[in-house]
Amino acid sequence: MDWREDLPRAAVTPHLRQLRHQALEFYGFIHFTVNTFTDREWGDGTESPAVFNPSELDARQWARALKSAGMRGMILTCKHHDGFCLWPSRWTEHSVKNSPWKNGQGDVVREAAEACRTEGLRFGVYCSPWDRHDPRYGQGKAYDDYFVAQLEELLGNYGEIFSVWFDGACGEGANGKKQHYDWERYYETVRRLQPGACISVCGPDVRWCGNEAGDTREAEWSVVPRRTMDTEKIASRSQQSDDTAFRQRRIRAQDRDLGSREALRGEDDLIWYPAEVNTSIRPGWFWYEAENSRVRSAEELFRIYVRSVGGNATFLLNVPPDRRGLICGEDLAVLRELGERVHVLEQAALPADAVWSGTPGRPGCEAGTGCWMPPDGVTEAELTAQWREPQPASWVVLQEDITRGQRVERFEVELCGPDGWKKAGEGLTVGWKRILPAAEGACTGIRVRIRDSRVAPTLKLVGIC
Ligand code: FUL
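Residues numbered from 1 in each chain as written. Predicted model: local features only at pLDDT ≥ 70, side-chain atom pairs only at ≥ 80, totals over all residues. Heavy atoms only, no water.

1. What to know about the site of the ligand
Step number 1: Close to the ligand lie 12 residues; H31, W42, H80, H81 and D167 are nearest.
Step number 2: The separation between an oxygen atom of the ligand and a polar side-chain atom of Y126 is 3.5 Å.
Step number 3: Take E212: an N or O atom from its side chain is 3.4 Å from an oxygen atom of the ligand.
Step number 4: Taken together, the residues of the shell around the ligand break down into 5 nonpolar, 4 polar and 3 charged. (Near = heavy atom within 4 Å. Polar contact = N/O pair within 3.5 Å; in protein donor to acceptor, adjacent residues only side chain to side chain. Nonpolar A, V, L, I, M, F, W, Y, C, P; charged D, E, K, R; others polar.)

2. Thoughts on helix α6 (residues 141-156)
Step number 1: Over its 16 residues, α6 runs 21 Å from end to end, which matches the ideal 22 Å to within 8%, given 1.5 Å per residue.
Step number 2: Of the residues making up α6, those classed as buried are Y143, D144, Y146, F147, V148, A149, Q150, L151, E153, L154 and L155.
Step number 3: Elements that come into contact with the buried residues of α6 comprise β2 (73-79), α5 (108-119), β3 (122-127), β4 (163-166) and α7 (183-193). (Helix = DSSP H or I, 4+ residues; strand = E, 2+ residues; numbered from the N terminus. Expected span 1.5 Å × (residues − 1). Buried < 20%, exposed > 50% of the residue type's maximum accessible area, 1.4 Å probe, protein only. Contact = heavy atoms within 4.5 Å.)

3. As for the domain arrangement of the protein chain
Step number 1: By domain assignment, the protein chain separates into domain 1 (3-346) and domain 2 (355-464).
Step number 2: Domain 1 and domain 2 are separated by 34 Å when their C-alpha centres are compared.
Step number 3: Counting from both sides, the interface comprises 31 residues of domain 1 and, opposite them, 25 residues of domain 2.
Step number 4: Of the roughly 2,400 Å² buried at the junction of domain 1 and domain 2 (both faces included), carbon and sulfur atoms supply 64%.
Step number 5: Of all residues in domain 1, W3, W221 and L345 bury the most surface against domain 2, accounting for 25% of the area lost on that side.
Step number 6: For the pair domain 1 and domain 2, the interface holds 3 salt bridges. (Domains from an automatic or database assignment. Buried area = accessible area lost by both parts, 1.4 Å probe. Salt bridge = Lys/Arg side-chain N within 4 Å of Asp/Glu carboxyl O.)

4. Section: the packing of α6 against α7
Step number 1: Two numbers describe how α6 lies on α7: the axes approach to 10 Å, and their chain directions differ by 20°. Here α6 lies roughly parallel to α7, going by the angle between them. Judged by the sense of rotation from one axis to the other, the crossing of α6 with α7 is right-handed. For the pair α6 and α7, the contacting residues are K141, Y143, D144, D145, F147, V148, L151, E152 and L155 in the first and R185, Y186, T189, V190, R192 and L193 in the second.
Step number 2: Class assignment for the residues of the contact of α6 with α7 results in 8 nonpolar, 1 polar and 6 charged. (Axes fitted to C-alpha atoms, helices over the stretch in contact; angles between N-to-C directions. Parallel < 35°, antiparallel > 145°, perpendicular 65-115°, else oblique. Left-handed = near helix turned anticlockwise from the far one by under 90°.)

5. A look at the pairing of strand β5 (residues 198-201)
Side-chain positions along a regular strand alternate between the two faces of the sheet.
Step number 1: One ladder, built from 4 bridges, connects β4 with β5; its direction is parallel. Within β5, the position partnered with W165 by the bridge is S200.
Step number 2: Each parallel crossover has a hand, and the one from β4 via α7 to β5 is right-handed. (Pairing = 2+ DSSP bridges. Right-handed = clockwise from strand over helix to strand, strands pointing away.)

6. Brief notes about the pairing of strand β10 (residues 313-318)
Step number 1: Judged by how many residues are buried, β10 sits mostly within the fold: 6 of 6 residues are covered.
Step number 2: Residue alternation in β10 divides its side chains into two sets, A313, F315 and L317 and T314, L316 and N318, and both sets are buried.
Step number 3: For strand β1 (residues 26-30) and β10, the ladder comprises 4 bridges, and the chain directions are parallel. If you follow G28 over to β10, its bridge partner there is L317.
Step number 4: Bridge count for strand β9 (residues 275-280) against β10 is 6 bridges, and the pairing is parallel. By the bridge assignment, V277 is partnered in β10 with F315.

So this is what it looks like as structure tokens:
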């Protein structure tokens with residue numbers, strides 16, 4: 001195929017806010033609300049604010065715990081489906097202001113935002129469109145007005161926000177209330193108040209990966225057809241299981257292939273819409289005493305990290321505080337151990353004396369300059385680095401320069417060990433980052449063979465650790 005046919009696909013690039021979001025790689029979800037005190041996953045909105053009374057809430061402890069795992073941000077469930085607000089909203093009585101916590105004078109959103117700033121994390125807000133408490137839900141504009149007024153509080157009063165997470169869940173069922181959200185108005189509100197924030201999941205900037213278990217795709221493409229983002233369908237997914245048109249739609253967040261050449265054939269409206277993998281450290285999203293013994297191991301979470309961050313997605317890991325308002329010891333230990341492993345991966349590099357050879361880069365984009373890129377028309381290429389002192393390699397880390405789009409479609413990696421060159425791994429996409437296990441004791445060279453690429457490939461990092 002003539003490489004020029006791939007130009008439009010390779011020409012789709014991230015917005016600056018998406019690029020900054022991708023660079024965060026790993027950040028935490030904090031699910032905390034009345035559910036923490038009632039042992040429910042979905043509150044029904046009838047909970048009394050009186051149940052919300054954490055005895056030792058310490059958002060600094062949350063921030064430190066997330067940081068210890070190598071996370072760079074925190075997203076707080078400011079309002080979950082039950083409608084209870086963790087900040088003293090002017091627009092409802094259903095909030096912390098009517099709880100016994102701090103005699104109604106507290107503001108969890110403020111404490112979390114400040115803790116993030118102090119600990120050097122970015123802060124994001126989850127605000128559920130589905131609201132089971134507010135009577136305006138289902139009344140069209142009256143609810144939209146309420147929701148937008150709440151967004152204005154969250155986005156106007158708590159400093160810089162990096163993510164506004166719009167959940168698509170709705171369990172109203174066929175005979176339940178129907179609210180047709182005014183998404184355009186919600187998005188306009190976010191852009192106006194927080195132009196640097198990404199609108200995630202039911203939004204145009206970051207795509208739900210399609211499951212909540214931590215599963216990832218073998219090939220995760222950030223360039224997908226615009227119709228992948230059909231908010232009305234995503235938002236009502238749990239209401240529409242009987243909707244045949246919905247089931248027959250060719251593109252769903254869950255589909256295995258959203259962006260290969262085959263998937264994009266005939267699609268001429270493409271967008272940059274990168275994936276986020278979200279899952280919980282425990283079986284539930286909220287804390288339950290009974291699940292203290294079911295915290296996932298650092299090893300399992302690290303595997304998800306490698307496949308998500310190292311598979312061109314971001315990783316949002318939920319860590320729910322308990323009734324004290326603290327993250328428990330079990331979770332803290334796992335996060336610390338996970339952080340030690342993540343830290344190793346962040347050191348991936350090559351020895352300073354590495355000498356490059358292989359397909360020459362175009363002028364200004366030679367190997368070793370921070371971004372190698374051969375001339376136009378070169379879609380198969382190889383790049384080799386060799387050095388003197390043998391270096392242990394448990395992992396290989398590759399990165400494309402995604403400011404030039406996502407290009408690599410198939411690659412192989414070889415390492416030069418004591419017995420010469422041996423294949424260490426292979427893959428399809430690279431994108432922001434690809435992390436591959438490499439069981440090579442000590443090596444003196446690495447070779448990346450690009451077998452196929454949409455227009456000339458780029459590599460901004462080739463590293464081992
Ligand atoms: C889902 C919600 O229904 C869960 O309660 C949780 O908040 C999860 C992150 O998203 O859609």
